[in-house]
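Residue-level structure breakdown
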Amino acid sequence: MGSGDGGEGGLSTERTFESKSGRCLSTQLDMMNKTRSGLKWGWRVVVFGWLSSSAFAADFVTQRWRVAEIPLTSAVNYADPFQDVEVTATFTGPGGEVIVRPGFWDGGSTWRFRFAPTVAGAWSMVTTCTNPADKGLQGVTRTLQCDDYTGPYAIYQRGFLKVSADGRYFVYADGTPFFYLGDTHWLFPHERFETSNVPGVPSQFKYTVDKRVAQGFTVFQTESIHNPHGGTHTNADEEAHCDLRDGLTAADLPGFANMDRKFAYLADHGLVHAHAGLTWALEPVKNPQYYTPAYMAKLGRYWAARFGAYPVLWTIAQEIDPNMYKAYDMGTIGLWYAGAQAIADNDAYDQPLGVHLQAIGNGIEGPDESWWANKPYHQWWPVQLQGDLSGFSAAKRFWQYAPAKPTVLYEAPYEDFWTDAKGARGAGYKAFQWGMYGYGYGANGTWNDLYSPDDFGTDYEMPNRYLSWYDGANLPGAVQLGYLKKFYTALQWWKLVPRFDDPAWSAFTDPNHSLLSSDGNATYVVYFFGENDETGTLKGMAPEVSYAAAWFNPRAGTFIELGTVSADNGEWTIPVRPTPDDWVLLVNRSK
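Per the stated rule, a full pass over the model turns up 64 aromatic pairs. Where phenylalanine 205 meets tyrosine 265, the ring centres are 6.2 Å apart and the plane angle is 65°; that geometry is what we call edge-to-face. Here phenylalanine 205 is found in helix α4 (residues 204-214), whereas its partner tyrosine 265 is found in helix α5 (residues 253-268), with 60 residues between them in sequence. Relative to tryptophan 447, the ring of phenylalanine 417 has its centre 5.3 Å away and its plane inclined at 75°; by these criteria the two rings are edge-to-face. Within this pair, whereas phenylalanine 417 is found in the loop between β17 (407-411) and α10 (421-433), its partner tryptophan 447 is found in the loop between β18 (438-441) and β19 (450-452), the two being separated by 30 residues in sequence.

This is the structure we're talking about:
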């Protein structure tokens, strides 16, 4: 009954593909790269798909839901390619399936399309250009053969994410519930892709991704914070990044190429990328001479073109809902509206878009204060809750808000920064018990890219609270969240309804530290996290029916069986917890 998430594997990024003419595709791309305004690229451009030389007549071959990259060459030289011209491709597939994708400029005279076919079979492509005289971009046709996906990852077996029919959680394209367990990397453009400062670890970025995949994580949460907020950043292996404060120019393309390879690596390992793009949240209001609504709309289109054929959850900016702690007013917030609208308008896959909320209690108490909730493209709530997360008032407001939207505890106290392993793992259980069917974990060293004491990614409370990225990646909370995933995916977790303070379902000794959810009266789950062994009473249980009860240890991932229990007049008094630590009670009605 789990989410169907796959194991390790995926398509290699080191394959050599052949074109119909027999020329090695990597050689073709290397030749194209040499024409890109003299730019030096530190990595090989990879096409996810390959040009056919034998079995297929198609120009490109890929697998279902896997991105294929199709380059075009402009016949016109543009003074400002990003601003001066746009190109769009219409892909038509089996059964009349149509997907429209924007193209993006990638240096010199090169434009690219990234396209993930949704149906197996033959697809055709035709382009339109805002400059019809450009025969390199106007009316270009290509063909693509899509085969069934043969790899291990659920996101390609089942398809990109959408919102469930009841609006409560994410599902794959085929309707299977998706279990959201995320890891936070706000400065991922700066995480080293080809190097690290730990002996025996060749890549900082790959090490963390691989570890989280092995631990059962399904989501990678990032921001496109291009300009580091602290440290010296003078090391020779510093990653290329973009500075969009003076427009998008050729100088920014190495930074986009750096993000490309990281997007691709995450996709190759089956992770959904919850990504906040365009720019750092405060840059538009601080640099109005460049950041106009038209420019933000252009950036939104560019982001959808460059990254929208990967499995993503769009997450607009950092704490921009309602207004980045009053940095924006009802006029200037239109800059971000324009960017978000453009992403939505150019995402043919309609991958869910949400807006990062300010910390609850700091200018916002719940969804009613949102400046974004009424936007037609707003589809989910990336919620930030800080403190000890006792009680449930804010969570209850999100659960009761109409229309229902998936709510994720997107940013909670980070392990070894604002909390310990208990607090970090506990936030995950609280989220699911509150009906927030997703949790974004964060660890000191990784969320803020602490590469070295004099080269850290953010100056917030650094370097005094420095913990290296490697130590952060190996904190115990992430391991324990793997146990959380195994616990919930053994159940039909999407059917668990939070009962909050409803007296019809429970009477707890410490209600602020005892969270109940249930699937009717068939399954009860209670998370106890107070500093004692007290419990309480379950109510509403079926009469004359046996239940199996057990304690689950969230620190070790093990069960202590309590045997068969029955309710007296629909109630059962829960025994004391095995220890004063946090425990999860599972009670299932016997069939």
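Continuing now.
Glancing now at the pairing of strand β16 (residues 381-384). Both faces of β16 are covered, namely the face carrying Trp381 and Val383 and the face carrying Pro382 and Gln384. The pairing of β16 with β17 spans 4 bridges and is parallel. By the bridge assignment for β17, valine 383 is matched with leucine 409. Crossover handedness for the path β16 to helix α9 (residues 393-400) to β17: right-handed.

Counting buried positions over the 5 residues of strand β13 (residues 272-276) gives 5, a clear majority of the element. Here β13 shows no split at all, with Val272, Ala274 and Ala276 on one side and His273 and His275 on the other all buried. Of the pairings in the sheet, the one linking strand β12 (residues 219-223) to β13 comprises 5 bridges and is parallel in character. The residue bridging glutamine 221 from the neighbouring strand is alanine 274, located in β13. Handedness of the crossover joining β12 and β13 through α5 is recorded here as right-handed.

This part is about the environment of glycine 300. In this fold, glycine 300 is placed in helix α7 (residues 293-307). Take glycine 300: its relative accessible area is 0%, and that puts it in the buried class. Considered as a pair, glycine 300 and alanine 344 are 44 residues apart in the sequence and their alpha carbons are 8.3 Å apart. The residues touching glycine 300, leaving out its near neighbours within four places in the chain, are Leu278, Gly339, Ala342 and Ile343.

Interaxial distance between α7 and helix α8 (residues 334-345) falls to 7 Å at its minimum, and their mutual angle equals 30°. What the angle tells us is that α7 and α8 run roughly parallel. For α7 against α8, the interelement crossing comes out right-handed. Here α7 contributes Pro293, Met296, Ala297, Gly300, Arg301 and Ala304 to the contact with α8, which in turn contributes Leu335, Trp336, Ala338, Gly339, Ala342 and Ile343. Residues belonging to the contact of α7 with α8 are distributed by class as follows: 9 nonpolar, 2 polar and 1 charged.

Taking strand neighbours across the sheet as the criterion, the 3 strands line up as β2-β6-β5 in an open arrangement whose pairing is antiparallel. At either margin of the open sheet sits one strand with a lone partner, and together these are β2 (68-73) and β5 (104-105). Relative to strand β6 (residues 110-115), β2 runs antiparallel, the two sharing 6 bridges. For threonine 73, the partnering residue across the bridge sits in β6 and is threonine 110.

Checked against the element boundaries, threonine 279 lands in the loop between β13 and α6 (283-286). Accessibility expressed as a relative area gives 2% for threonine 279, which makes it buried. Here tyrosine 291 takes part through its side chain, which lies 3.0 Å from a polar atom of the side chain of threonine 279. With sequence-adjacent residues up to four places away left out, threonine 279 is seen in contact with Ser224, His226, Pro284, Tyr291 and Trp336.

A separate point is the pattern of salt bridges. In total, this model carries 24 salt bridges according to the counting rule given. Two residues, arginine 245 and aspartate 243, come together in a salt bridge whose shortest N-O distance is 2.8 Å. Classification of aspartate 243 as partly exposed rests on a relative accessible area of 26%. Between arginine 397 and aspartate 368 there is a salt bridge, with its nearest N and O atoms 3.4 Å apart. Placement of arginine 397 in helix α9 and of aspartate 368 in the loop between β15 (353-357) and β16 is noted, with a sequence separation of 29 residues between them.

Tyr180, Leu248, Phe256, Ile316, Ile320 and Trp372 are the most contacted members of the largest nonpolar core, which has 104 residues in total. The element that contributes the greatest number of residues to this core is α5, accounting for 8 residues. Filtering out sequence-adjacent residues up to four positions away, leucine 248 remains in contact with Asp80, Phe82, Trp105, Leu253, Phe256, Tyr295, Leu299 and Tyr302.

Attention shifts here to α5. Taking 1.5 Å of rise per residue, the 16 residues of α5 would be expected to cover 22 Å, and the 22 Å separating its terminal C-alpha atoms lies within 8% of that figure. Among the 16 residues that make up α5, 15 are buried, leaving the element largely enclosed by the rest of the structure. Looking one or two places after α5, you find glycine 270, whose phi comes out positive at around 75°.

Bringing the environment of proline 376 into the picture now. Relative to the helices and strands, proline 376 is located in the loop between β15 and β16. When its relative accessible area of 74% is taken as the criterion, proline 376 is described as exposed. Each C-alpha atom of the pair proline 376 and alanine 344 lies 9.3 Å from the other, and the pair is 32 residues apart in sequence.

Turning next to unusual backbone geometry. Omega for the peptide link from alanine 402 to proline 403 comes to 0°, which places this bond in the cis form. By the element assignment, proline 403 lies in the loop between α9 and β17. In this structure, the amide linkage connecting methionine 462 to the following residue, proline 463, adopts the cis form with an omega of 5°. Following the sequence through the fold, proline 463 ends up in the loop between β20 (455-456) and α11 (469-473).

Definitions and cut-offs
- Residues numbered from 1 in each chain as written.
- Predicted model: local features only at pLDDT ≥ 70, side-chain atom pairs only at ≥ 80, totals over all residues.
- Heavy atoms only, no water.
- Phe/Tyr/Trp six-rings, centres within 6.5 Å; stacked < 30°, edge-to-face > 60°.
- Helix = DSSP H or I, 4+ residues; strand = E, 2+ residues; numbered from the N terminus.
- Buried < 20%, exposed > 50% of the residue type's maximum accessible area, 1.4 Å probe, protein only.
- Pairing = 2+ DSSP bridges.
- Right-handed = clockwise from strand over helix to strand, strands pointing away.
- Contact = heavy atoms within 4.5 Å.
- Axes fitted to C-alpha atoms, helices over the stretch in contact; angles between N-to-C directions.
- Parallel < 35°, antiparallel > 145°, perpendicular 65-115°, else oblique.
- Left-handed = near helix turned anticlockwise from the far one by under 90°.
- Nonpolar A, V, L, I, M, F, W, Y, C, P; charged D, E, K, R; others polar.
- Polar contact = N/O pair within 3.5 Å; in protein donor to acceptor, adjacent residues only side chain to side chain.
- Salt bridge = Lys/Arg side-chain N within 4 Å of Asp/Glu carboxyl O.
- Core = buried A, V, L, I, M, F, W, Y, C linked by side-chain atoms within 4.5 Å.
- Expected span 1.5 Å × (residues − 1).

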